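Structural characterization, general
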Amino acid sequence: MDYEELLKKAKKELPEIKNSGERFEIPKIAGHVEGNKTMIDNFSSICDILNRESSYLIKYLQRELATPAVLDGKRLVLGRKLNSAMINEKIEKFTKDFVLCKECGKPDTKLIKQDQVWIIKCAACGAKHPVKSKI
Ligand SMILES: [Zn+2]
């Protein structure tokens, strides 16, 4: 490989430049396995960042991960061994389905129920759209 190619490769591998830190980052779990259970130690701060009631996220994770989940103080205890990548994937999906505005992509939204339908209402742009997934 010559110098030019190396340079190209190096550029490709650089992380994307983030714009001014304004971009919303989907939170990642800090967890560990204890015996046959998986603890999400930062569960309550994830709910805070997403601005959603913990009960929604618990219900969602229980169904998606097919395991019982119990809140224990600020952490969530899941009933089986799980790897964090799998849990992060579910949290990412939850965030996209239940938190981020589909119009402007901002997380400043509220989840409201209208006529048996869950709706995301965006505080930033005013858009409203129904939630497709089940809670
Ligand atoms: Zn919006």
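Residues numbered from 1 in each chain as written. Predicted model: local features only at pLDDT ≥ 70, side-chain atom pairs only at ≥ 80, totals over all residues. Heavy atoms only, no water.

**Quick word on helix 4 (residues 84-98)**
Because an α-helix completes one turn every 3.6 residues, residues spaced three or four positions apart along the sequence face the same direction. We apply this condition: To qualify as a helix, a DSSP run of H or I must reach at least 4 residues; to qualify as a strand, a run of E must reach at least 2; elements of each kind are numbered from the N terminus. An expected span of 1.5 Å times one less than the residue number is assigned to each helix. Any residue under 20% of the maximum accessible area for its type is buried, any over 50% is exposed, and the rest in between are partly exposed; the area is computed with a 1.4 Å probe on protein chains only. The contact criterion used is simple: two residues touch if any of their non-hydrogen atoms lie within 4.5 Å.
Spanning 15 residues, helix 4 covers 20 Å between terminal C-alpha atoms, matching the ideal 21 Å at 1.5 Å per step. For helix 4, the full list of buried residues reads Ile87, Asn88, Lys90, Ile91, Phe94, Thr95, Asp97 and Phe98. Considering only its buried residues, helix 4 is in contact with strand 2 (37-40), helix 2 (43-50), helix 3 (54-65), strand 4 (75-78), strand 5 (109-114) and strand 6 (117-122).

**Section: helix 2**
Test applied: As used here, the arc is the angular range of directions from the helix axis to the C-beta atoms.
All buried positions along helix 2 are accounted for by Phe43, Ile46, Cys47 and Leu50. In a view along the axis of helix 2, the buried residues occupy a sector of 100°, so they form one face of it.

**Digging into the domain arrangement of the protein chain**
Stated precisely, the cut-off is as follows: Where each domain starts and ends comes from a domain assignment, either automatic or drawn from a database. Put simply, buried area is how much 1.4 Å-probe accessible surface two parts lose in total, over both of them, once they are put together. We define a salt bridge as a side-chain nitrogen of Lys or Arg found within 4 Å of a carboxyl oxygen belonging to Asp or Glu. Throughout this description, a polar contact denotes any pair of N or O atoms lying within 3.5 Å of each other; where both atoms belong to protein, one of them has to be capable of donating a hydrogen while the other can accept it, and for residues adjacent in sequence the pair is counted only when both atoms sit in side chains.
Parsing the protein chain into structural domains produces domain 1 (27-99) and domain 2 (101-135). A separation of 21 Å is found between the C-alpha centroids of domain 1 and domain 2. Each partner contributes residues to the interface: domain 1 has eleven residues there, and domain 2 has 13 residues. Carbon and sulfur atoms make up 53% of the surface buried where domain 1 meets domain 2, a total of about 1000 Å² over both sides. Taken as a group, Tyr56, Phe98 and Val99 account for 49% of the area that domain 1 buries against domain 2, more than any other trio of residues on that side. Linking domain 1 with domain 2 are zero salt bridges, by the criterion used here. One can count three residue pairs in polar contact (both at pLDDT 80 or more) joining domain 1 with domain 2. Among the elements of the structure, helix 3 and helix 4 are those that each provide at least two residues to the side of domain 1 that touches domain 2.

**Thoughts on the sheet that holds strand 6**
For clarity, the cut-off: Any two strands with at least two DSSP-identified bridges between them are counted as paired. Each axis is a line fitted through C-alpha atoms, and for a helix only the stretch in contact is used; angles between axes span 0 to 180 degrees, taken between their N-to-C directions.
As summarised here, the arrangement of the three strands in space is 5-6-7, forming an open sheet in which the pairing is antiparallel. With one partner strand each, in any of the chains shown, strand 5 and strand 7 (128-130) form the two edges of the open sheet. Each neighbouring strand pair of the sheet contributes to a mean axis angle of 30°, computed without reference to strand direction. Where strand 6 meets strand 7, three bridges bridge the pair, whose relative direction is antiparallel. Bridging from a neighbouring strand, Lys121 pairs with Lys128 of strand 7.

**Considering the environment of Tyr56**
Tracing the backbone through its elements, the reader meets Tyr56 in helix 3. A C-alpha to C-alpha distance of 9.5 Å links Tyr56 and Phe98, two positions 42 residues apart in sequence. Non-local contacts of Tyr56, meaning those with residues more than four positions away in its chain, are made with Phe94, Leu111, Trp118 and Ile135.

**Here's the deal with the nonpolar core**
Rules: Take the buried residues of types Ala, Val, Leu, Ile, Met, Phe, Trp, Tyr and Cys, join any two whose side-chain atoms come within 4.5 Å, and each joined set is a nonpolar core.
In terms of nonpolar packing, the biggest core is built from 25 residues, with Ile40 and Leu61 touching the most fellow members. Secondary structure elements with two or more residues in this core: helix 2, helix 3, strand 4 and helix 4. In terms of residues, this core owes the most to one element, helix 3, which gives six residues. Two domains each donate at least three residues to this core, and these are domain 1 (27-99) and domain 2 (101-135).

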